[in-house]
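Here's the letter readout for the chains.
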Amino acid sequence: MKVPRKLLSFLKKEKKFFIATHVNPEGDALGSSIALSMALASLGKKTLLYDKDMVPHFYHYLPGHENFMSSIPPSIQDEWPLVLLDCNSMERAGIVGLNFGYSLVIDHHETESPFGDIRWIEPSAAATGMMIFSIIKKLGVPITKDIAVNLYSAIAIDTGTFRYSNTTADVLRVSAELIEAGAHPASITSNLYEMWSRKRFSLLVMVLNTLEIKNDIAITSVTKKMFRKTGTAPEDTESFSGFPRRMEDITISAFFREISNNYWKVSLRSRGDANVATIARHFEGGGHKNAAGYKIRANLKAAKKALIQEATRTRGRI
């Protein structure tokens, strides 16, 4: 993967970096951010890691997860350049209204904004973790065990543990190198998929009981009442959006999460040629071909109807 020369020069020249990623972070966002922070620190640079939301408990196995801060010191804007990872807008990172002197964006999402003085957007990359791996190699930083665990986790999450169509030969070659550097696949997989709390599992049962199917579209939802009843939080729903896609006749899976009254976050997953990024863009959202999302203000019934209509129109089935 070809890393922009201007990006590498920037990382080599600057002495400190404020690294931020998107709200509701998952493995790629977290692992990529921590790995880059560790690599820059090994070069004598100062880094600060930021995410508006706390690191979900099931990601606490990631070395360095405790270094994330969820508040921004006032001096940051003036003194630290911004590095935005796994997203390409300040809104997505929950830092709207802040003004940084200089900004760098590293992301692999298909939809993008014009934000960033230096931008490396690589939709062909399976994960932002793949891009960070290339940067670290170009910087000449050794891949330590801690960096390897973070990057392997990042890549594993965004490839569905190497089950999705974005699993290329290059993905497997990079992952093999990370294993050689100390990442343990069985341990990481266990932490990602086999360490659920009982309350999280109870929430999944509730969510699956909301299942509705319209042609080849599966819809599930979660409400704030369900969170209260199970003692869970939004981060506990990670991976829920993809469950209905396991049915052989489902092409698109849509998961509605209640943010507030008549306000929903919609996570879309698809298989094959069904491009959910185009659907998300219609609602001013974004993402990848097979994984995208958006927010909508409407009651749940109307929100579902709007999705079905747009999915039908987009795929020329009207």
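Data block above holds the structure.
The rules behind each value
For every chain, the first residue of its written sequence is number 1, and the numbers climb from 1 along that sequence. Where totals are concerned, whole chains, interfaces and linings use all residues; where local detail is concerned, this predicted model gives features only for residues with pLDDT of at least 70, and gives and counts side-chain atom pairs only at 80 or more. The side-chain numbers reported here are obtained from all heavy atoms of the structure, hydrogens and water having been left aside. Going along the chain from the N terminus, every DSSP run of H or I of four or more residues is numbered as a helix, and every run of E of two or more is numbered as a strand. With the radius of gyration taken over C-alpha atoms, the globule rule is written as 2.2 Å times the number of residues to the power 0.38. Working definition: with a 1.4 Å probe on protein chains only, accessible area under 20% of the residue-type maximum means buried, over 50% means exposed, and in between means partly exposed. Calculation of accessible area relied on Shrake-Rupley with a 1.4 Å probe; when residues are assessed, cover is drawn exclusively from the protein chains displayed. Residues scored as positive are Lys and Arg, those scored as negative are Asp and Glu, and His as well as the terminal groups of each chain are ignored. Where a charge sits is defined by one atom per residue type, namely NZ (Lys), CZ (Arg), CG (Asp) or CD (Glu). Between any two strands, pairing holds if DSSP finds at least two bridges. In what follows, a contact means two residues having at least one pair of non-hydrogen atoms within 4.5 Å. To obtain an axis, a line is fitted to C-alpha atoms, over the contacting stretch when the element is a helix, and the angle between two such axes runs from 0 to 180 degrees between their N-to-C directions. To estimate the expected span of a helix, subtract one from its residue number and multiply by 1.5 Å. Here, the term nonpolar core denotes a set of buried Ala, Val, Leu, Ile, Met, Phe, Trp, Tyr and Cys residues that are joined through side-chain atoms within 4.5 Å. The term salt bridge refers to a side-chain nitrogen of Lys or Arg lying within 4 Å of a carboxyl oxygen of Asp or Glu. Centres within 6.5 Å make a pair out of two Phe, Tyr or Trp rings, where for Trp the six-membered ring is used; the pair is then stacked when the planes are under 30 degrees apart, edge-to-face when over 60, and tilted otherwise. Only Lys NZ and Arg CZ are tested; either one counts as a charge over a ring when it is within 6 Å of the ring centre and within 35 degrees of the ring normal.

A. Spatial organisation of the overall build of the protein. A tally of regular secondary structure across the protein gives 12 helices and 12 strands. Relative to the 2.2 N^0.38 estimate, which gives 20 Å for 318 residues, the radius of gyration of the protein is 19 Å and therefore close to what a compact globule would have. For the protein, the spread of C-alpha atoms along the three principal axes comes to 55 × 40 × 40 Å. For the protein, the residues scored as buried account for 52% of the 318 residues in total. Taken as a whole, the protein presents about 14,900 Å² of accessible surface, with 51% of it coming from carbon and sulfur. A distance of 3 Å separates the average location of the 41 positive side-chain charges in the protein from that of its 32 negative side-chain charges.

B. Local environment of the sheet that holds strand 7 (residues 212-214). Taken in spatial order, the six strands make up an open sheet running 7-8-9-10-12-11, and their pairing is mixed. Here the strands that pair on one side only, and so sit at the sheet edges, are strand 7 and strand 11 (286-287). Across seven bridges, the pairing between strand 10 (residues 263-270) and strand 12 (residues 291-297) is antiparallel. Residue pairing in the sheet places Y263 in a bridge with R297 of strand 12. Helix-sheet contacts for helix 12 (residues 300-314) involve strand 7, strand 8 (217-222), strand 9 (252-260), strand 10 and strand 12, and the interaxial angle to strand 9 is about 150 degrees.

C. Structural context of helix 6 (residues 145-158). Between its terminal C-alpha atoms helix 6 stretches 20 Å, which fits the 20 Å expected from 14 residues at 1.5 Å a residue. Burial runs high along helix 6: 12 of the 14 residues are buried. All buried positions along helix 6 are accounted for by I147, A148, V149, N150, L151, Y152, S153, A154, I155, A156, I157 and D158. Next to the buried residues of helix 6 lie helix 2 (27-42), helix 5 (128-139), helix 7 (169-180) and helix 8 (185-193). The first or second residue beyond helix 6 is G160, which carries a positive phi of 60 degrees.

D. Main features of the nonpolar core. I106, I135 and L178 are the most contacted members of the largest nonpolar core, which totals 52 residues. Considering every element that reaches this core, the biggest residue donor is helix 6, with eight residues. The residues touching I106, leaving out its near neighbours within four places in the chain, are L7, V83, L84, L85, D86, C87, W120, T128, M131, I132 and I135. Core analysis: the second largest hydrophobic core is formed by 23 residues, I219, I252, L268 and A303 among them.

E. Structural view of the side chain of K304. By secondary structure assignment, the location of K304 is in helix 12. With residues up to four places along the chain from it excluded, the contact list for K304 reads E212, I219 and F256.

F. Focus on the pattern of salt bridges. If you walk through the whole model with that rule in mind, you get seven salt bridges. A salt bridge links E14 to K13; the nearest nitrogen and oxygen atoms lie 3.9 Å apart. For E14, a relative accessible area of 24% corresponds to the partly exposed category. A salt bridge links K137 to E177, with the shortest nitrogen-to-oxygen separation between them at 2.5 Å. Of this pair, K137 sits in helix 5 while E177 is found in helix 7, placing the two residues 40 residues apart along the sequence. On the accessibility criterion, K137 (40% relative accessible area) is partly exposed. Judged by its relative accessible area of 30%, E177 is partly exposed.

G. Here's a closer look at unusual backbone geometry. The phi dihedral of F162 falls on the positive side, at around 65 degrees, and the residue is not glycine. Within the secondary structure, F162 is located in the loop between helix 6 and helix 7. A relative accessible area of 23% means that F162 is categorised as partly exposed. Within the chain, N215 stands out as a residue other than glycine whose phi angle is a positive 60 degrees. Mapping N215 onto the fold places it in the loop between strand 7 and strand 8.

H. Representation of the packing of aromatic side chains. Applying the stated criterion across every chain yields a total of 11 aromatic pairs. Joined through ring pairs, the aromatic side chains of W196, F201, F240, F243 and F255 make up one cluster. Just above the ring of W196 sits the side chain of R200; from NZ or CZ to the centre is 4.0 Å. Here R246 stacks its cationic end above the ring of F243, 4.4 Å away from the centre of that ring.

I. The arrangement of the environment of Q309 in detail. Considering the arrangement of structural elements, one finds Q309 in helix 12. The exposure class assigned to Q309 is partly exposed, which follows from its relative accessible area of 45%. For the pair formed by Q309 and F17, sequence separation is 292 residues and the distance between their alpha carbons is 44 Å.

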